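Residue strings, one per chain:
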Amino acid sequence: MSTITLGPARMGDAPAIAHLSRDLIEADLPWSWTPRRVAGLMRQRENSAVIARDRNRLAGFILAQFGDESVHIALLGVANEYRRQGVGRQLVQWVEQTATVAGLFLVRLEVRAIRRDARHFYAALGYREIDRVDGYYSGIEDAIKMSRDLRVLSTSK
């Protein structure tokens, strides 16, 4: 049985996060979340990188950017063997709780339009589809923009 722990990512985690992103999120797209880009996001004070570990193994991660009025989930990935175990939900809840403490109540994100499983995952957490952006991903694939107002209680939980 796995014991998942959540905590802040360290710079040394950037390559593993980037490779998991490439394999899970950016499959069939040019690799944009390289180790350098992930580390760059992690270095910025207004951003947060949280990882889920099963002992020494990376089970998942979330990268979030905290702005003046909202939080943007830049990336969320959960390794295949840890899906449907609540890891993704825990990572999103970490960001939502941090946002609330910071006085931010709007969380935004984009998801690949073809990833219906991801869209259903976010919808189950109370996120609404608000827009579609043609060619968002490298001019190749459309994105669905989603958001959640944390002041509104979700009826689907």
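Everything below is about the structure shown above.
This structure is a prediction, so every number in the text was calculated from the model and none was measured.

Criteria and thresholds
- Residues numbered from 1 in each chain as written.
- Predicted model: local features only at pLDDT ≥ 70, side-chain atom pairs only at ≥ 80, totals over all residues.
- Heavy atoms only, no water.
- Helix = DSSP H or I, 4+ residues; strand = E, 2+ residues; numbered from the N terminus.
- Rg over C-alpha atoms; globule rule 2.2 N^0.38 Å.
- Buried < 20%, exposed > 50% of the residue type's maximum accessible area, 1.4 Å probe, protein only.
- Contact = heavy atoms within 4.5 Å.
- Areas by Shrake-Rupley, 256 points an atom, 1.4 Å probe, with all protein chains shown as cover.
- Lys, Arg positive; Asp, Glu negative; His and termini not counted.
- Charge placed at Lys NZ, Arg CZ, Asp CG, Glu CD.
- Polar contact = N/O pair within 3.5 Å; in protein donor to acceptor, adjacent residues only side chain to side chain.
- Expected span 1.5 Å × (residues − 1).
- Core = buried A, V, L, I, M, F, W, Y, C linked by side-chain atoms within 4.5 Å.
- Pairing = 2+ DSSP bridges.
- Axes fitted to C-alpha atoms, helices over the stretch in contact; angles between N-to-C directions.

A count of helices and strands for the chain gives four helices and seven strands. Element order for the chain, N to C, with α for helix and β for strand: β-α-α-β-β-β-α-β-α-β-β. For 157 residues, the compact-globule estimate of 2.2 N^0.38 gives 15 Å, and the chain sits close to it at 15 Å. Projected onto its principal axes, the C-alpha coordinates of the chain cover approximately 35 × 35 × 35 Å. A buried classification covers 44% of the 157 residues belonging to the chain. Residue pairs in contact within the chain that sit at least 24 positions apart in sequence constitute 61% of those at least 6 positions apart. Of the accessible surface of the chain, which amounts to about 8,800 Å², a share of 49% is contributed by carbon and sulfur atoms. Across the chain, 23 positive and 18 negative side-chain charges occur, with their mean positions spaced 4 Å apart.

In this section: the environment of A59. The residue A59 is located in strand β3 (residues 57-66) in this model. Overall, A59 belongs to the buried group, its relative accessible area being 0%. Taking the C-alpha atoms as reference points, A59 and A79, separated by 20 residues in sequence, lie 5.3 Å from one another. Sequence-distant contacts of A59, that is, excluding residues within four places in its chain, are made with I4, A52, R53, D54, G77, V78, A79 and Y82.

This part is about the side chain of S70. Examined against the element boundaries, S70 turns out to sit in the loop between β3 and β4 (71-78). Separated by 3.0 Å, the side chains of S70 and R108 make a polar contact. The contacts of S70, once residues within four sequence positions are left out, are Q65, L104, L106 and R108.

Another aspect to go through is helix α3 (residues 87-101). The end-to-end C-alpha distance of α3, which contains 15 residues, comes to 21 Å, matching closely the 21 Å that a straight helix rising 1.5 Å per residue would cover. Burial in α3 covers these residues: V87, G88, L91, V92, V95, E96 and A99. Immediately beyond the C-terminal end of α3, within one or two residues, lies G103, with a positive phi of roughly 80°.

In terms of nonpolar packing, the biggest core is built from 46 residues, with L63 and Y127 touching the most fellow members. Secondary-structure elements contributing two or more residues to this core are α1 (14-24), α2 (35-43), β2 (47-54), β3, β4, α3, β5 (106-112) and β7 (141-149). Once residues lying within four places of it in the same chain are set aside, the contact partners of L63 are I17, W33, V38, L41, S48, A49, H72, I73, A74 and L75.

Below, the discussion takes up the sheet that holds β5. Reading across from one edge, β1-β2-β3-β4-β5-β7-β6 is the order of the seven strands in this open sheet, with mixed pairing throughout. Bordering the open sheet on either side are β1 (4-8) and β6 (128-137), each of which pairs with just one other strand. Sheet twist, expressed as the mean angle between neighbouring strand axes with direction ignored, is 25°. Relative to β3, β2 runs antiparallel, the two sharing eight bridges. Residue pairing in the sheet places R53 in a bridge with L58 of β3. Along the sheet face, α1 touches β2, β3 and β4 and points at about 95° away from the line of β3.

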